[in-house]
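Close look at the chain arrangement
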Amino acid sequence: MIKFVMINKKNNRFDFYSYTNEIMNNLKIELESNGLEFYLNKETIRKATFEYKQKEFLINFTVVATSETIQLKVDITLPTKDTSNLELHDVKIKIKDLMIGEWEQCVWLEDSQSELFAEELYKKVHNVENSLRRLINSILFFKLGGDWWGNYMPADLINKYNQRNDQYRRRTPSFDNIHTNLMSIDTGDLIRILSYKTYKLRKNSIFRDDDMESNPFEGFAEPANALSRDEKEKLFHFQSTMNSIFFNSKSIDKLHLNLIEALRDQMEVDKDFWKDYFCPWFSCDFRRFSGLWHEFTTDRNHVAHNKLIDVKLSDKFNKSMTELQKLITEAEGKFITYTETEAANYLEEIKFEAEAMERQRVQDWKEYIEEEAGVRILDESEIIEKYQDYISTAFDELIDNFYYRTDLEIIYFEPDLKEECDILVIKHNLIGNDLKVRVIPYIDSSEGVTSTVTLEVLSEGFKGTFNLDYTNGEVEYNPDQTNYMPLVQDYWNVASALSKMEKIISSLIERHFPEIRENEIADVSCKACDSYSIYYRDDLSEAEEDGKFAIGQCLKCGKNNTLGVCMRCDRILNQEDDGLCVSCGEYIESQ
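Residues numbered from 1 in each chain as written. Predicted model: local features only at pLDDT ≥ 70, side-chain atom pairs only at ≥ 80, totals over all residues. Heavy atoms only, no water.

**Some remarks on the overall build of the protein chain**
Summing up its helical and strand segments, the protein chain has 15 helices and 16 strands in all. Among the 591 residues that make up the protein chain, the fraction classed as buried is 38%. Contacts in the protein chain between residues at least 24 apart in sequence constitute 56% of all its contacts with a sequence separation of at least 6. (Helix = DSSP H or I, 4+ residues; strand = E, 2+ residues; numbered from the N terminus. Buried < 20%, exposed > 50% of the residue type's maximum accessible area, 1.4 Å probe, protein only. Contact = heavy atoms within 4.5 Å.)

**Describing the sheet that holds strand β10 (residues 421–428)**
The strand order β9-β10-β11-β12-β13-β16 describes an open sheet built from six strands, whose pairing is antiparallel. Strand pairing shows two members of the sheet lacking a second neighbour, β9 (408–412) and β16 (491–493), which therefore form its edges. Sheet twist, expressed as the mean angle between neighbouring strand axes with direction ignored, is 15°. With three bridges joining them, strand β13 (residues 462–471) and β16 adopt antiparallel strand pairing. The partner of Y470 across the bridge, within β16, is W492. Together, β9, β10, β11 (434–442), β12 (450–459), β13 and β16 form the strand contacts of helix α12 (residues 380–400), whose direction differs from that of β12 by roughly 25°. Those strands touched by helix α13 (residues 495–512) are β9, β10, β11, β12, β13 and β16, and its axis lies near 160° from that of β13. (Pairing = 2+ DSSP bridges. Axes fitted to C-alpha atoms, helices over the stretch in contact; angles between N-to-C directions.)

**Details of the nonpolar core**
Counting residues in each nonpolar core, the largest one holds 44 residues, and the members touching the most others are L140, F278, F289 and W293. It is helix α3 (residues 112–144) that contributes the most residues to this core, eleven residues altogether. If near-sequence neighbours (up to four positions away) are discounted, F278 is found in contact with I136, I139, L140, I193, L194 and F273. (Core = buried A, V, L, I, M, F, W, Y, C linked by side-chain atoms within 4.5 Å.)

**A word on the sheet that holds strand β1 (residues 2–9)**
Judged by pairing direction, the sheet is antiparallel, and its six strands sit side by side in the order β2-β3-β4-β5-β1-β6 without closing on themselves. The sheet terminates laterally at β2 (35–41) and β6 (103–111), the two strands that pair on one side only. Neighbouring strand axes in the sheet, compared pairwise and without regard to direction, differ in orientation by 20° on average. Running at roughly 10° to strand β3 (residues 45–52), helix α1 (residues 16–30) makes contact with β1, β2, β3, β4 (55–65), β5 (70–77) and β6 of the sheet.

**Remarks on the pattern of salt bridges**
Scanning the model with the defined rule gives 17 salt bridges in all. Between E370 and R376 there is a salt bridge whose closest N-O contact spans 3.8 Å. On the basis of relative accessible area, E370 is assigned to the partly exposed category, the value being 39%. Within the structure, one salt-bridge network assembled from shared partners comprises E129, R133 and R300. (Salt bridge = Lys/Arg side-chain N within 4 Å of Asp/Glu carboxyl O.)

**Considering the pairing of β3**
As defined by bridge partners, β2 adjoins β3 across six bridges and the pair is classed as antiparallel. Note that in β3 the partner of L40 across the bridge is K47. Taken together, the eight bridges between β3 and β4 define a ladder with antiparallel strand orientation. The residue of β4 that forms the bridge with R46 is F61. Connecting the antiparallel pair β3 and β4 is a turn made up of two residues, with K53 showing a positive phi of about 50°.

Following this line, the structure appears as structure tokens:
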């Protein structure tokens, strides 16, 4: 429903019937409508239906005339309850515009469409305000603690809202014990908090020096000699101002600007709330946000005070509030992500510290037991670390014995002793034989229990197992003697098994991994397996003395191959066909 009244026609000539006909016909022309019909005509009331963009409107005109005034009331309604459509806005504004020039006043009485705009906008106003309140509270509680309001806000702001909150608490006793300062704070004061700064004395102010030992107020009539000339003048100005105030307290009204200027010159920013606490989360600078917020404050007051709102103003309000809400929501999302990360890091740090303290407590207890009962009790990680030291030392010595062997490829893996795995692989590059050592761990750190790490050696049909044992210590408390007594002595049994294993591996390498130099392999491939592993020595006497392999024997498959012979001296040649050796060839060429 739209209701407004036109008051006092500017010329006294007024014919109700013809005037309303003229207004509605002009409306029909202006809005290009084909649907207009007056269905009720009385002396003081006329009712019409008007069709615009396939929507039908009911328009009532009521005239109220006296000897002193003429009023023409206009009522516009839709058959439906939908008052948000733009057609209603066009009709009411056009009727008003067609009439406004001929009347002294136009008074708007009711506008359900404007009320609907205000209702929708007020929800957004509420959301924007509370979003910023929530963000300010969240950030400052996190950064400055629960007492940030009382510790950092200026006295005028605190006093202003303490008085207001007392009234609110009395009205809502269920919430009289919660922090509600920001819930009642004015929108303009919210931006003051964002831009708020706290100050502290400069390090080289006139009121103190670096070591805080000298007092610049000693000899109040004359500044301390340690101050510079400029500082002396500033201190003298401050002293003169304070003397005037002390002499006449009422003079502070005239001198407070001088006092503020003198004090500000000695202060520096301690906490810049926007720079230190809010800027990291906003995607705009303070100037941009401040401008949007001041615009929002004006818009908010328009909505909150029930001022009329048309479509253009509604669109403008919606656009600015949407942009502002987006900035605040983005900032809140970034801050929530940050706090979640910080909380996770903090919990992780607390967990780490707790674990470290527990490890230290256990370690202290073990040292105490070892000192009192002479027994060591190791945890799982300590047992594994000790096993790794024994195993690594043994295999380092074993590998060192064969480091010069270029025909062997030796790979060692540090065992974690968590699961079964290969830890040593030795492979003959020429023959292809290999040897593996597999570790099978069983670790139990319980007191008095024996852990066993089995080393399994596998090579050329051989399998040998060697057990490395550790028995953890165990104690019991003797209440009579009020001390701990040894029950099971800790004991390592690894040296013998490791020594036997080293001897077995060395023996297997000597037996199945003969040392073969590269010049002892012929350039001819084996007829049986096609591998280049035929044994060859150009000095037959040395080969017979060596006795490791027969000349022409394939070290891969054992097949005997025939190599060529020198036709002059019968020396075995590194080739498949007969021919001349190098010496004989040189001799013949020299003849």
